[in-house]
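Architecture and fold: a report
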Amino acid sequence: MLDSLFRPRAVAVMGASNNPLSIGHIVVKNLKTYGFRGEIYPINPNQPEILGLKAYKSILEVPGAVDICCIAVKNVLVPQMVDECGRKGVKFVIVHTAGFREMGGDGARLEDALLETARKHGVRVYGPNCQGIMNSDPDVSVYANFTFTPLNRGKASIIGQSGGVAELINLNLRKMGSGFRIYASHGNASDVSTNELLDYLGHDPGTHTIMMHIESMKDTPGFIERCRKIARNKSVLAIRTGRTQAAATAVSSHTGSLIQQDSLTDAIFERAGVMRFHTAEEMIAAGYALSNQPVPSGPNVGIIANAGGPGIIAIDECVLNGLNLAQFSEETKKKLRDGLIPEAYVENPVDVAATATPEHFSLTLDLLNRDPNVDAILITMVTPPFVDCEGLARSITEASGKMTKPILVCVQTNENWAGTVAIIRNAGIPVYDYPETASRALAAMARYGEIRKRLAEAPAQAKGDKARAGAILAGAKAGFVSQAAAFDMLAAYGIPAAKTVSVSREPAALPEVTFPAVLKVDSEKIVHKSDEGGVVLNLEDGDALRNAFTDMSGRFPEADFVVQEQCPAGTEIIIGIKREEGVGPVMMFGLGGIYVEMLKDVSFCMAPLSEADAGRMVRKIRSFPLLQGGRGIAPSDIAAIEQVLIRVSRMAQDLPEIGEMDLNPVIVYPEGRGVKVVDARIKKQ
Ligand code: ADP
Ligand code: MG
């Protein structure tokens, strides 16, 4: 476990020096300055004393046991230093030094050498090319890191592959008057991995929220599994950089790992229960709130303002981000009317007016707390010079102490009211500068509430004839399986499809064929059949079918063919699976034709799906209203679509040999009339 790393009793620093511009110096200084509770052992062969501490010529001379050795010496010397650490019995080395795998070539070889030495001695390696760790727990107070932001205590822990981004998070938490619990920036992560850090933070009682910066992922299934467990109790927030192609190139040259598509990240995070943010700023604003306030039990926000306009900004931003404006109960409104000044507005957002006193704030907060229609409270306030603002602040903190609903506050003020802001912040109530930021942070909190519910959902039940489908697949070569086989596999999973019959010779007598019929070429070499003239629709009778067959078999002399019942027209959708290497099966859903091809209007979700996942996949696409119907369009059979999604998800789980599958199109009929798959492409891997 990582206890010795995050709760060390003694830290040695190799490369410690009296040069104030060296990393070794800064690490010793930080350990001292922020009150490390254990022993600090500077190691330097030439200096008897560093920053007032006795220095040792070698780690082997250190008298006591050492949990961590921070290493900040030239890269080529690191393996030898690790060897000495091993002989000393050091548990973890934090290698700050850069010039390893991130450089490629010699650097990568050096990293291998370092790892081999460490493994030989049972020393764990944190980094290399990393900033280090910090733990703000007062019992430990360890700052084994060369960065510059003072240690501020908070309840959010930070994991940053990049030290620069971890620092960005820390710095801005501090600016907001908050801090961190554990800070871990692990650079190349050659040994101690992100997943191990997650395990540790998941069990750390002082960590309420985890904020991550991810550049590349190793062991994605492990990441998902851990996060799903952790996120039931603690919110996990992340930004993943390298979203644009330009940035992806920079990332790959930086860490040697290639970034995958952005939507894949979305699907992974969604499955993991990790909240994804696209800017560090928004993640920090949300993490600040989530680490300090309770999770709202629903999306209904009550807004209190002592100036009208900012309250209206808050409404817009809340609603745009998925929150609802709570409808106050009649009782709440009556009591507000009785208790506030006549000019006050007692609907949501409550405008208590600029003259509102601390008592008015207390009353309003108390009523909103009691009102079951309100799940969360957002206050946007100015600091009127003619009001006891510190009194207002105290009324907020007192109310907050009595409730389980979250409160977020936007205070519009200047430095003259720093005391007012401090009163609110010191009670663990997040204060923001902008109503938009506060609103989005609140929306993120509600989103986390949804995630917790989602993580409790069970995979949907669907049974398929795994043995039968598996046997069909086993009999096929790698690559695209035949149309005939693909439709048999669908049948094994009870997925409704157009009746499909294989024909390899002239279809003289085919009792199974009903008209109108469709003739299609069936060859693993022809992926887009209609593009190559391999689909003939509207065959009304046996003669038409025979003619079409003669024509097609002339054009595709090597191929097989299928005859299919022609299904009535309906809405065409696409359902697919792609098994992503190292990740697992990802499902896709969208409307067919131009919607998928030109608008890329599709949704993704990793299998296995819950019933609710299937519902969300269908509803997530922008074109969903077309399925929902209205304005003369009949509502589609959405339940039947969800059933196909669930059964396909089951297939993906049961049959790992399926690398890709495309049901394109599935024809959807009006409510109650089902769906029919008319084209199935399955790729065996
Ligand atoms: P491909 O996608 O390989 O070009 P499809 O089998 O999907 O070939 O056929 C092309 C189009 O023809 C489909 O998108 C659908 O509109 C229509 N089609 C194909 N088979 C049927 C069928 N059995 N019933 C009704 N329409 C069909
Ligand atoms: Mg098709």
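Check the entry above for the structure.
To start, this report covers the structure provided alongside it. (Residues numbered from 1 in each chain as written. Chains lettered and ligands numbered in written order. Predicted model: local features only at pLDDT ≥ 70, side-chain atom pairs only at ≥ 80, totals over all residues. Heavy atoms only, no water.)

1. Observations regarding unusual backbone geometry
Excluding glycine, residues mostly carry a negative phi; peptide bonds, for their part, are mostly trans. Counted only if it meets this: Strands here mean DSSP runs of E at least two residues long; helices mean DSSP runs of H or I at least four residues long; both are numbered from the N terminus. A 1.4 Å probe rolled over the protein chains alone gives each residue an accessible area, and that area as a share of the maximum for its type sets the label: buried under 20%, exposed over 50%, partly exposed in between.
The peptide bond linking Asn348 to Pro349 adopts the cis configuration, its omega dihedral lying at 0°. Tracing the backbone through its elements, the reader meets Pro349 in the loop between α12 (330-339) and β17 (350-351). Of note, the amide linkage connecting Ala607 to Pro608 takes the cis form, showing an omega dihedral of 0°. Along the chain, Pro608 falls in the loop between β28 (602-606) and α21 (611-620). Of note, Leu51 is a non-glycine position whose phi angle comes to about 50°, a positive value. The residue Leu51 is located in the loop between β3 (49-50) and β4 (53-54) in this model. Its relative accessible area of 26% is what places Leu51 among the partly exposed residues. Positive phi outside glycine occurs at Ala189, with the angle close to 45°. Tracing the backbone through its elements, the reader meets Ala189 in the loop between β11 (180-185) and α6 (194-203).

2. Re the site of ligand 1
Using the following cut-off: It suffices for a single heavy atom of a residue to lie within 4 Å of a molecule or strand for the residue to be listed as near it. The definition of a polar contact used here is a pair of N or O atoms within 3.5 Å, where within protein one atom must be able to donate a hydrogen and the other to accept one, and adjacent residues in sequence count solely through side-chain atom pairs. The accessible surface values rely on the Shrake-Rupley method and a 1.4 Å probe; as for residues, cover is taken only from the protein chains in view. Nonpolar residues are Ala, Val, Leu, Ile, Met, Phe, Trp, Tyr, Cys and Pro. Charged residues are Asp, Glu, Lys and Arg, and all others, Gly as well, are polar. Where each domain starts and ends comes from a domain assignment, either automatic or drawn from a database.
If you check the shell around ligand 1, you find 18 residues, and the closest are Lys520, Lys529, Ser530, Gln564 and Glu572. Between ligand 1 and Lys520, the relevant distance is 2.7 Å, taken from an oxygen atom to a side-chain nitrogen or oxygen of the residue. The fraction of the free accessible surface of ligand 1 (540 Å²) that becomes covered by protein chains is 83%. Every element with two or more residues in the shell around ligand 1 is listed here: β23 (517-522), β24 (535-539), β25 (560-565) and β29 (658-668). Top contributing element to the shell around ligand 1 by residue count: β29, with three residues. Tallied by class, residues from the shell around ligand 1 come to eight nonpolar, five polar and five charged. Each of domain 4 (499-566) and domain 5 (571-684) accounts for three or more of the residues forming the shell around ligand 1.

3. Points about the side chain of Ser58
Note the following rule: Contacts between residues were defined by any pair of non-hydrogen atoms, one from each residue, lying within 4.5 Å.
By secondary structure assignment, the location of Ser58 is in the loop between β4 and β5 (68-71). Using a relative accessible area of 17% as the deciding quantity, one classes Ser58 as buried. Leave out the neighbours within four places in its chain, and Ser58 touches Ile43 and Glu84.

4. Side note on the side chain of Asp67
Tracing the chain through its elements places Asp67 in the loop between β4 and β5. When near neighbours in sequence (up to four residues on either side) are disregarded, Asp67 contacts Ser4, Pro8, Arg9, Ala10, Val90, Lys91 and Phe92.

5. As for the coordination of the magnesium ion (ligand 2)
This is how it is decided: Donor criterion used throughout: N, O or S atom within 2.8 Å of the metal, extended to 3.2 Å for Na, K and Ca. Water excluded; incomplete-looking sites may result.
For the magnesium ion (ligand 2), the protein coordination sphere consists of Asn664 (O) and Asp679 (OD), at 2.1 to 2.2 Å. Of this pair, Asn664 sits in strand β29 while Asp679 is found in the loop between β30 (675-677) and β31 (680-684), placing the two residues 15 residues apart along the sequence.

6. Brief notes about the pairing of strand β27 (residues 584-591)
Walk down a regular strand and you will see the side chains alternate between the two sheet faces. Under the convention used in this document: Here, any two strands with at least 2 DSSP bridges between them count as paired.
The buried fraction of β27 amounts to eight of the eight residues, a majority that puts the element mostly inside the structure. Relative to β27, strand β26 (residues 571-580) runs antiparallel, the two being bridged by eight bridges. Within the sheet, the bridge partner assigned to Lys578 lies in β27 and is Val586. Linkage of β26 to β27, two consecutive antiparallel strands, is achieved through a turn of three residues, within which Gly582 is found at a positive phi near 75°. Here β27 pairs with β28 via five bridges, running antiparallel. Along β28, the bridge assignment pairs Val586 with Met606.

7. Details of the packing of helix α14 (residues 389-402) against helix α15 (residues 418-426)
Stated formally: Geometry is summarised by axes, namely lines fitted to C-alpha atoms with helices restricted to the contacting stretch, and by angles between N-to-C directions that run from 0 to 180 degrees. Note that the term roughly parallel is reserved for angles under 35 degrees, roughly antiparallel for angles over 145, roughly perpendicular for angles of 65 to 115, and oblique for everything else.
Here α14 crosses α15 at 5°, and the two axes come no closer than 9 Å. With respect to α15, the axis of α14 lies roughly parallel. Residues Cys389, Glu390, Ala393, Arg394, Ile396 and Thr397 of α14 form the contact with α15, whose own contacting residues are Gly419, Thr420, Ile423 and Ile424. In terms of residue class, the contact of α14 with α15 is built from five nonpolar, three polar and two charged.

8. Let's talk about the sheet that holds β25
Spatially, four strands are ordered β22-β25-β23-β24 in an open sheet, and the strand pairing comes out antiparallel. This sheet does not close on itself; its edge strands, each paired only once, are β22 (500-503) and β24. Geometrically, the sheet is characterised by an average inter-axis angle of 20° between neighbouring strands, direction not taken into account. Bridge count between β23 and β24: three bridges; the pairing is antiparallel. Looking across to β24, one finds that Lys520 is bridged to Val535.

9. Focus on the state of the cysteines
Short version of the rule: Pairs of cysteine sulfur atoms within 2.5 Å are identified as disulfides in what follows.
Throughout the structure, instances matching the rule amount to zero disulfides. Cysteine Cys410 shares no disulfide, and the gap to the nearest cysteine sulfur, in Cys318, comes to 11 Å. According to the relative accessible area criterion, Cys410 is buried, its value standing at 0%.

10. Here we look at the packing of aromatic side chains
Think of a pair of aromatic rings as described by two things: how far the centres are apart, and how the planes are tilted against each other in angle. Our working definition: Note on ring pairs: Phe, Tyr and Trp rings are taken, using the six-membered ring of Trp, and paired if centres are within 6.5 Å. Classes follow the plane angle, with under 30 degrees stacked, over 60 edge-to-face and the rest tilted. Think of it as a cone above the ring: NZ of Lys or CZ of Arg counts as a charge over the ring if it is within 6 Å of the ring centre and within 35 degrees of the ring normal.
Counted under the stated rule, the structure contains seven aromatic pairs. With 5.5 Å between their ring centres and 65° between their planes, Tyr288 and Tyr432 make a pair best called edge-to-face. In this pair, Tyr288 sits in helix α10 (residues 280-292) while Tyr432 sits in strand β20 (residues 431-432), placing the two residues 144 residues apart along the sequence. This pair shows no difference in class: Tyr288 is buried, exactly as Tyr432 is. In this structure, Lys54 packs its charged tip against the face of Tyr56, placed 4.8 Å from the ring centre. Sitting over the face of the ring of Phe277, Arg447 holds its NZ or CZ atom 5.2 Å from the ring centroid.

11. Some points on the pattern of salt bridges
Defined as follows: Salt bridge criterion: a side-chain nitrogen from Lys or Arg within 4 Å of a carboxyl oxygen from Asp or Glu.
The tally for this structure, following the rule as stated, stands at 34 salt bridges. With a shortest N-O distance of 3.0 Å, Asp366 and Arg370 are connected by a salt bridge. Here the residue Asp366 and the residue Arg370 both occupy positions in helix α13 (residues 358-370), the gap between them amounting to four residues, near one helical turn. Among the salt bridges present, the one from Arg616 reaches Asp613, with a minimum N-O distance of 2.7 Å. Here Arg616 pairs with Asp613, and both are found in helix α21, just three residues apart, close to one helical turn.

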